[in-house]
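Per-entry structural report
So the chains spell out like this:
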Amino acid sequence: MPRLRQVPRAEVTDKKILYFYDRLFGPDKDPAVDGGTVHGTPGDWWTVFAQSPNVFDHAVRGFALYRNAALDPMLRELGQCRAGYARGSQFVFSQHSKQMRSLGMPEEKIAAIAHWQIADCYTELERAVLAYTDGLVFDGGRVPGAVVDILKADLSDPEILELTYITCLYDMHATICRALRLEFDDREEPVVEVEVPAGIGARDLSADLSGE
């Protein structure tokens, strides 16, 4: 379950939120009670973001950026998908894998997102986009000049700005989804202590390993 309360349809007065409740879930469903979007996702991103109409509106207007963007959608999705993977968001990674597929991205390239550094299926520009994404997500914007040089050889300054903004936007969405356990990121922490098996007593591990 999400870590924040989902807002039932009956409590929603904001027209934009109601529009998306209708469009994504159907006009006869209460998404907070009977979830599941027309895209096959749980849909609790929408019902949790409905807590704040201002935040909801800001986020949705961010999605509208795509309509008049100069950047090639395939490059945009490559950055978004890698950002989701790098940030560890199963939701962002999964959704943008599907979006790349809908745009005609070869399956080989989608499958290689996780190990793009050793994959030879990408063009030089695509590799630069992936390297740039890693610089944004892993290194907080510390991007080598050589990567930017390759981007600038093929992309205009507005396209690079869009790539930067959209990739960082989805790094944020990936972080939010993990923090609030939204959508496919509603998962237990995988790194936990493994209990000592029954019958095994507590020992000084460092002493055993050092031969003391």
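Residues numbered from 1 in each chain as written. Predicted model: local features only at pLDDT ≥ 70, side-chain atom pairs only at ≥ 80, totals over all residues. Heavy atoms only, no water.

1. Description of the nonpolar core
Formed by 26 residues in total, the largest nonpolar core has its most connected members in Leu78, Tyr122 and Leu151. Taken together, the elements giving at least two residues each to this core come down to helix H4 (73–87), helix H7 (124–137), helix H8 (145–154) and helix H9 (157–180). Among residues more than four places away in sequence, those in contact with leucine 151 are Leu125, Ala128, Val129, Tyr132, Ile160 and Leu163. With 18 residues, the next largest nonpolar core counts Tyr21, Phe25, Trp46 and Val48 among its residues. (Core = buried A, V, L, I, M, F, W, Y, C linked by side-chain atoms within 4.5 Å. Buried < 20%, exposed > 50% of the residue type's maximum accessible area, 1.4 Å probe, protein only. Helix = DSSP H or I, 4+ residues; strand = E, 2+ residues; numbered from the N terminus. Contact = heavy atoms within 4.5 Å.)

2. Some words on H4
In this model, H4 (15 residues) spans 21 Å end to end at C-alpha, consistent with the 21 Å of a helix rising 1.5 Å per residue. Counted residue by residue, H4 has twelve buried out of 15 residues, so it is predominantly covered. The elements touched by buried residues of H4 are helix H5 (90–103), H7 and H9. By the N-cap criterion, in which a side-chain oxygen at the helix start approaches the backbone nitrogen of a residue two or three places on, H4 is capped by aspartate 72, the distance to methionine 74 being 2.9 Å. (Expected span 1.5 Å × (residues − 1). Polar contact = N/O pair within 3.5 Å; in protein donor to acceptor, adjacent residues only side chain to side chain.)

3. Things to note about the packing of aromatic side chains
Overall, the coordinates contain twelve aromatic pairs when judged by the stated rule. Pairing phenylalanine 63 with tyrosine 170 gives two aromatic rings, centres 6.4 Å apart and planes at 35°, and the pair type is tilted. Linking phenylalanine 63 in helix H3 (residues 53–63) with tyrosine 170 in helix H9, this pair joins segments that are 107 residues apart in sequence. Among the aromatic residues, those joined into a ring-pair cluster are Tyr19, Phe20, Trp45, Trp46, Phe49, Phe56, Phe63 and Tyr170. In this arrangement the basic side chain of arginine 76 is found over the ring face of tyrosine 66, its NZ or CZ atom lying 3.9 Å from the centre. (Phe/Tyr/Trp six-rings, centres within 6.5 Å; stacked < 30°, edge-to-face > 60°. Lys NZ or Arg CZ within 6 Å of the ring centre and 35° of its normal.)

4. Side note on the UniProt feature "domain: Carboxymuconolactone decarboxylase-like" (unreviewed entry) in the protein chain
UniProt tags residues 63–134 as "domain: Carboxymuconolactone decarboxylase-like" (unreviewed entry). Secondary structure content for residues 63–134 is 64% helix and 0% strand, and the end C-alpha separation is 22 Å. (UniProt positions renumbered as here; feature names shortened; annotations may be inferred.)

5. Regarding H7
Taking 1.5 Å of rise per residue, 14 residues should cover 20 Å, and H7 covers 20 Å from first to last C-alpha, within 8% of that figure. Counting buried residues in H7 gives twelve out of 14 residues, a clear majority hidden from the surface. Residues Leu125, Glu126, Ala128, Val129, Leu130, Ala131, Tyr132, Thr133, Asp134, Gly135, Leu136 and Val137 constitute the buried set of H7.

6. Digging into the layout of surface pockets
When its volume is computed, the largest pocket comes out at roughly 910 Å³. As for the largest pocket, its lining consists of 25 residues, and the residues nearest its centre are His39, Trp46, Phe63, Gln95 and Tyr170. Only helix H1 (15–25), helix H2 (44–49), H3, H4, H5 and H9 provide two or more residues apiece to the lining of the largest pocket. With six residues, H5 is the single largest residue contributor to the lining of the largest pocket. Split by residue class, the lining of the largest pocket holds twelve nonpolar, seven polar and six charged. If you add up the space inside the second largest pocket, you get close to 240 Å³. Surrounding the second largest pocket, Arg3, Gly88, Arg178, Ala179, Arg181, Asp185, Arg187, Glu188, Glu189 and Pro190 form its lining. Per-class residue counts for the lining of the second largest pocket are two nonpolar, one polar and seven charged. (1 Å grid on protein atoms, 1.4 Å probe; cavity = no way out; pocket = protein on both sides within 12 Å on 5 of 7 lines; lining within 4 Å. Points joined across faces, edges and corners; volume = space filled by probe spheres on them. Nonpolar A, V, L, I, M, F, W, Y, C, P; charged D, E, K, R; others polar.)

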